[in-house]
Amino acid sequence: MPTIDDFVRPVEWVSDFVSDMGKALRTWGRDRYMPIRQQIDEDWQEHALVKPLLKEVLVDFGINSAFFPAEAGGMDMPEVMTISNVICEELARIDSGFAVACICSIWGLMPMLLRPHRNMELCMEFGPKFCGEELYMGCHAMTEPASGSDVENFGRLGGRTIQTTATLEGDEWVINGHKIWPSNSGDTGDLYVVVCTTKKGSSDPEDFALILVPADSKGVAVGNPYQKCGMSADVNTDIWFDHVRVPKRYRMHGPGDDLKYWKRAISMGNIGSTAMCVGIMKNVYEIIKGWTTERVVAGRPLKEHSLVADMLSEVAMHIESTSAWMWAYTREIDHPEIYGWQPWDERFLLKTRGLALFASNAVERATSRAMDFMGAYGYAREYDIEKHWRDQKVIGLWMGGKGLKTLENARYWYDLETL
């Protein structure tokens, strides 16, 4: 009988180690997370239940240390996007909000962690913290209150709307500005990766900067967590930077290269978001398959009715098609020696927007269709369909939203000049 393991995942592309890590995360989720995931939805403010679980995954499983160089205490994992997909998919099957919190601990650090553009000085300084025995989390501070998706819309706006500034004074950067919505903000994140500009109003790529700011730096202030529709395991607050001083070496790379390698992180975010959509849909598949098998209507299991079979087929097709597309792009970004594109190539950023858009539409449709056929039971909290239905919505909203994803995908495929 088919299971979620029968959907597309090319076994020749996923090492035994990565596959075993995925299985271990699934077992952990079944034993530790699933029994309390409804309670975690009520824990959005204090995160008393979530924090110990974050430690178990990020520290005990080694997710935090996966991409740090061995010299800094990390595991130095190859095929970065492959392992990221498996992590995102397995954790999102459990709880996509928790998946976001886990992967965003290291997402913003990718521009300095990954070959061939590692910043070994920063890796050696922060590696012992991320790879140590205590929980230490990262936060990618990108979005701003006034600009919305403008930060991500670099192809047309060139960063000129970025309001958070970094001014070099001697051997220190002075950071001023306001960020909103970053995952792991509030009292969760220990190190902020701040997207800023060295010259307000500039569209010069050399003025785009990625600068590390420890959360306990003087002049950093955070707001209270926002209560959201879903994804309660992910903390989102405001962050204010008021003349925050950090060492000059805390800029990841320098003029031009910060933006160049940040684009790789955004492309990875598009593919990782897709993996989360796949994980959600796989759990929806499990839930709706069990429900329609056990539920009897007019003397037959619900799944044996043609209208229901149509819905079940659609859910399966969404998973299969999204998975196949995701793994195709993963292969491309992990193997530039085969495909000839470097992972930071802007073409990846543009075309992976289409993948992320397709995935967010697929998961929205799959959760909604499953709820339709479960009726009031799907709307009730007991079966967790309504949780996935609430949680998935934000995946289509983040990193520029569906509008920017649509435009950038069209920019790539149709050479748009004015949009």
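All of the points below concern the structure found in this document. The shown structure was predicted, so the numbers you read here are calculated from the model rather than taken from an experiment.

For the protein chain, the count of helices and strands is 14 helices and 9 strands. For a compact globule of 419 residues, the expected C-alpha radius of gyration is about 22 Å, and the protein chain comes in at 21 Å, within 12% of that figure. Structurally, the protein chain occupies a C-alpha span of about 80 × 50 × 40 Å along its principal axes. Out of the 419 residues in the protein chain, the part that is buried amounts to 59%. Accessible area for the protein chain stands at about 16,800 Å²; split by element, carbon and sulfur atoms hold 53% of it. Mean positive and mean negative side-chain charge positions of the protein chain (44 and 59 charges, respectively) differ by 3 Å.

Moving on: the pairing of strand S3 (residues 172–183). With 5 bridges connecting them, strand S2 (residues 165–169) and S3 associate as antiparallel partners. Bridging across to S3, glutamate 169 finds its partner in glutamate 172. The loop that links S2 with its antiparallel partner S3 comprises 2 residues; one of these, glycine 170, has a positive phi angle of about 65°.

According to the stated counting rule, one finds 36 salt bridges in the structure shown. Here aspartate 41 and lysine 387 are joined by a salt bridge, their closest N and O atoms 3.1 Å apart. A residue pair is termed long-range when its members are at least 10 positions apart, and aspartate 41 in the loop between helix H2 (37–40) and helix H3 (50–60) and lysine 387 in helix H13 (residues 385–392) qualify at 346 residues. Here aspartate 41 matches lysine 387 in class, with each residue buried.

This paragraph deals with the packing of helix H11 (residues 346–374) against helix H14 (residues 401–414). It is at 8 Å that the axes of H11 and H14 come closest, and there the two elements cross at 135°. Classified by the interaxial angle, the pair formed by H11 and H14 is oblique. In the crossing of H11 with H14, the sense of the turn from one axis to the other is left-handed. For the pair H11 and H14, contact is made by Arg347, Leu349, Leu350, Lys351, Arg353, Gly354, Ala356, Leu357, Ser360, Asn361 and Glu364 and by Lys402, Leu404, Lys405, Thr406, Glu408, Asn409, Tyr412 and Trp413, respectively. Residues of the contact of H11 with H14, tallied by class, amount to 7 nonpolar, 5 polar and 7 charged.

One finds Phe67, Phe98, Leu109 and Leu212 to be the most contacted residues of the largest nonpolar core, which totals 122 residues. The leading source of residues in this core is helix H4 (residues 80–107), at 18 residues. Setting aside chain neighbours within four positions, we find phenylalanine 98 in contact with Trp28, Tyr33, Val50, Leu53, Leu54, Val57, Leu91 and Ala233.

Turning our eyes to something else, we now look at the packing of aromatic side chains. To describe a pair of aromatic rings, you give the distance between the ring centres and the angle between the ring planes. For the coordinates displayed, the defined rule picks out 22 aromatic pairs. Between tryptophan 28 and phenylalanine 98 the ring centres are 5.8 Å apart and the planes differ by 20°, which places this aromatic pair in the stacked class. Of this pair, tryptophan 28 sits in helix H1 (residues 16–33) while phenylalanine 98 sits in helix H4, and the two are 70 residues apart along the sequence. The two residues tryptophan 28 and phenylalanine 98 agree in class, both being buried. Ring centres 5.4 Å apart and planes at 70° place the aromatic pair tryptophan 291 and tyrosine 383 in the edge-to-face group. Residue tryptophan 291 is found in helix H8 (residues 257–294), and its partner tyrosine 383 is found in the loop between helix H12 (376–379) and H13; the two are separated by 92 residues along the sequence.

With that settled, the discussion passes to the layout of surface pockets. Approximately 810 Å³ is the volume found for the largest pocket. Lining the largest pocket are 37 residues, and of these Trp181, Ser183, Val394, Trp398 and Met399 lie nearest its centre. Elements represented by at least two residues in the lining of the largest pocket include exactly H4, S3 and H8. For the lining of the largest pocket, the class distribution of residues is 19 nonpolar, 13 polar and 5 charged.

Looking now at the pairing of strand S7 (residues 236–247). Two faces make up the sheet, and in a regular strand the side chains alternate between them. Where S3 and S7 come together, 9 bridges link them in antiparallel fashion. Bridge pairing in S7 places histidine 178 opposite tryptophan 240. The sheet contact formed by strand S6 (residues 220–222) and S7 spans 3 bridges and is antiparallel. Residue valine 220 lies in a different strand from S7, and its bridge partner there is phenylalanine 241.

Analysis parameters
Residues numbered from 1 in each chain as written. Predicted model: local features only at pLDDT ≥ 70, side-chain atom pairs only at ≥ 80, totals over all residues. Heavy atoms only, no water. Helix = DSSP H or I, 4+ residues; strand = E, 2+ residues; numbered from the N terminus. Rg over C-alpha atoms; globule rule 2.2 N^0.38 Å. Buried < 20%, exposed > 50% of the residue type's maximum accessible area, 1.4 Å probe, protein only. Areas by Shrake-Rupley, 256 points an atom, 1.4 Å probe, with all protein chains shown as cover. Lys, Arg positive; Asp, Glu negative; His and termini not counted. Charge placed at Lys NZ, Arg CZ, Asp CG, Glu CD. Pairing = 2+ DSSP bridges. Salt bridge = Lys/Arg side-chain N within 4 Å of Asp/Glu carboxyl O. Axes fitted to C-alpha atoms, helices over the stretch in contact; angles between N-to-C directions. Parallel < 35°, antiparallel > 145°, perpendicular 65-115°, else oblique. Left-handed = near helix turned anticlockwise from the far one by under 90°. Contact = heavy atoms within 4.5 Å. Nonpolar A, V, L, I, M, F, W, Y, C, P; charged D, E, K, R; others polar. Core = buried A, V, L, I, M, F, W, Y, C linked by side-chain atoms within 4.5 Å. Phe/Tyr/Trp six-rings, centres within 6.5 Å; stacked < 30°, edge-to-face > 60°. 1 Å grid on protein atoms, 1.4 Å probe; cavity = no way out; pocket = protein on both sides within 12 Å on 5 of 7 lines; lining within 4 Å. Points joined across faces, edges and corners; volume = space filled by probe spheres on them.

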